[in-house]
Amino acid sequence: DRARRRAIAGDWTSLPFDDSTFDAVIGDGSLHSAPECLDEIFREIGRILAPAGKAAFRAFCSPDRPETLAAIQEDVHGGWSGNVHALKWRIAMAVAASFPDAIVPVSAILAAFDAMFPDRARLAAVTGWSIDDIATLDAYAGADHSLGFPTLPSLLARGARVFPEARVLPGAGYPLAERCPTILWTAP
């Protein structure tokens, strides 16, 4: 924390700030973490932004045509060069396509992963990933929250209800970056 900057834990749907307080709001992958509240989050961000303020969020967007789990599994066994975290998001996006509003319980992501790759030692041998990295997915065991993976057009349409202007900046330089653009919304 500093005089002009401090971290605050809060509820994105009810932020403890006056209207038009900030010139910018920034989030990295955070929009997918509370998908049931996305419209409220956009309204709240719009409320606290000053006129012409910017909201910049890296988003995790499902492809317009969902992948199948079988295609993902084949890709991994065929030498795909991604990492375990990109695999997790690919699986999540594929599974989310069968849920309303692309909101998927994290337990369903883990279940799909375990069904696709029941032998983690073999997965580690095929990919070169460590067992510890693969085990990060176990954080979803027993979890009761969901994540959202809308398509980019769907997310832009939701944001347009509050923000008249949006600019999409493509991600680059890491596995699955093409599905993780930064969206820069401008407040009216």
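What comes next is a walk through the structure. Please read all numbers here as calculations on a predicted model, not as lab measurements. Once a new chain begins, its residue numbering starts again from 1 and follows that chain's sequence as written. Only residues with pLDDT of at least 70 are given local features in this predicted model, and only at 80 or more are side-chain atom pairs given and counted; all residues enter the totals for whole chains, interfaces and linings. Side-chain descriptors were evaluated using all non-hydrogen atoms of the structure, hydrogens and water having been removed beforehand.

Soluble globular proteins tend to bury their nonpolar side chains together. Only buried residues count toward a nonpolar core, which is a set of Ala, Val, Leu, Ile, Met, Phe, Trp, Tyr and Cys residues joined through side-chain atoms within 4.5 Å. Relative accessibility thresholds used throughout: buried, under 20% of the residue-type maximum; exposed, over 50%; partly exposed, between the two (1.4 Å probe, protein chains only). In terms of nonpolar packing, the biggest core is built from 34 residues, with Leu87, Trp89, Ile91, Ile109, Phe113, Phe117 and Phe149 touching the most fellow members. Listing elements by their share of this core, those giving two or more residues are helix H2 (69-77), helix H3 (84-96), helix H4 (106-116) and helix H5 (120-127). Ile45, Phe57, Phe163 and Trp185 belong to the second-largest nonpolar core, a separate cluster that totals 18 residues. A run of DSSP states H or I qualifies as a helix once it reaches four residues; a run of E qualifies as a strand once it reaches two. Both are numbered from the N-terminal end.

The next thing to look at is the sheet that holds strand E2 (residues 49-58). Strand pairing follows a simple DSSP-based rule, namely that at least 2 bridges must link the two strands. The strand order across the open sheet formed by 4 strands is E1-E2-E6-E5, and the pairing between neighbours is mixed. The open sheet has two edge strands with one neighbour each: strand E1 (22-28) and strand E5 (165-169). Each strand axis lies, on average, 15° off the axis of its neighbour in the sheet, ignoring direction. Alignment of E5 against strand E6 (residues 182-186), held across 5 bridges, turns out to be antiparallel. Looking at the pairing, Arg167 lines up with Leu184 of E6. Note on contacts: a residue pair qualifies if any of its non-hydrogen atoms lie within 4.5 Å across the two residues. Axis definition: a line fitted to C-alpha atoms, limited for helices to the stretch in contact. Angles are taken between N-to-C directions and run from 0 to 180 degrees. Contacting E1, E2 and E6, helix H1 (residues 38-48) runs over the sheet at an angle of about 135° to E2. Packed onto the sheet, helix H7 (residues 152-160) meets E5 and E6 and runs at close to 20° relative to E6.

Pairs can form between side chains of opposite charge whenever their charged atoms are close. One speaks of a salt bridge when a side-chain nitrogen belonging to Lys or Arg is within 4 Å of a carboxyl oxygen belonging to Asp or Glu. A complete count under the given rule lists 10 salt bridges for this structure. Taking the shortest distance from any N to any O, the salt bridge between Arg158 and Asp39 comes out at 2.8 Å. Taken together, the residues span a long stretch of sequence, with Arg158 in helix H7 and Asp39 in helix H1 at a distance of 119 residues. Put simply, Asp39 and Arg161 hold a salt bridge, and the shortest N to O gap is 2.9 Å. On the criterion of sequence distance, the pair formed by Asp39 in helix H1 and Arg161 in the loop between H7 and E5 is long-range, its members being 122 residues apart. Overall, Arg161 belongs to the exposed group, its relative accessible area being 59%. Three or more residues are tied together by salt bridges with common partners; here these are Glu67, Asp75, Arg90 and Arg179.

Before going further, it helps to spend a moment on the packing of aromatic side chains. Planes of paired rings set the category: under 30 degrees apart is stacked, over 60 is edge-to-face and the rest tilted, where pairs are Phe, Tyr or Trp rings (Trp by its six-membered ring) whose centres lie within 6.5 Å. Going through the model one piece at a time under the given rule, you end up with 10 aromatic pairs. With centroids separated by 6.2 Å and ring planes inclined at 80°, the aromatic side chains of Phe42 and Phe163 adopt a geometry described as edge-to-face. Here Phe163 lies in the loop between H7 and E5 and Phe42 lies in helix H1, a separation of 121 residues in the sequence. In this pair, the class of Phe42 matches that of Phe163, namely buried. Both rings, one in Trp80 and one in Trp129, keep their centres 6.4 Å apart while their planes meet at 85°; by these two values the pair is edge-to-face. Within this pair, whereas Trp80 is found in the loop between H2 and H3, its partner Trp129 is found in the loop between H5 and helix H6 (131-134), the two being separated by 49 residues in sequence. For Trp129, a relative accessible area of 12% corresponds to the buried category. Between the NZ or CZ atom of Lys88 and the centre of the ring of Trp89, over which it lies, the distance is 4.7 Å. Definition used: whenever NZ (Lys) or CZ (Arg) falls within 6 Å of the ring centre and also within 35 degrees of the ring normal, the charge is taken to sit over that ring.

Lining residues are defined by having an atom within 4 Å of a point belonging to a cavity or pocket. Those points lie on a 1 Å grid over the protein atoms alone, cavities being sets where a 1.4 Å probe fits but cannot get out and pockets being open sets with protein on both sides within 12 Å along at least five of seven lines. Grid points are joined across faces, edges and corners, and a volume is the space filled by probe spheres set on the points. Of the volumes computed, that of the largest pocket is approximately 540 Å³. Taken together, 17 residues line the largest pocket, and the ones lying closest to its centre are Arg6, Ile8, Phe17, Phe22 and Ala24. Here the lining of the largest pocket gets 5 residues from one element, more than from any other, and that element is E1. Taken as a whole, the second largest pocket holds about 170 Å³ of empty space. Top element by residues in the lining of the second largest pocket is H7. It accounts for 3 residues. Partitioning the lining of the second largest pocket into residue classes produces 9 nonpolar, 4 polar and 2 charged. Polarity classes work like this: nonpolar for Ala, Val, Leu, Ile, Met, Phe, Trp, Tyr, Cys and Pro, charged for Asp, Glu, Lys and Arg, and polar for all others, with Gly in that last group.

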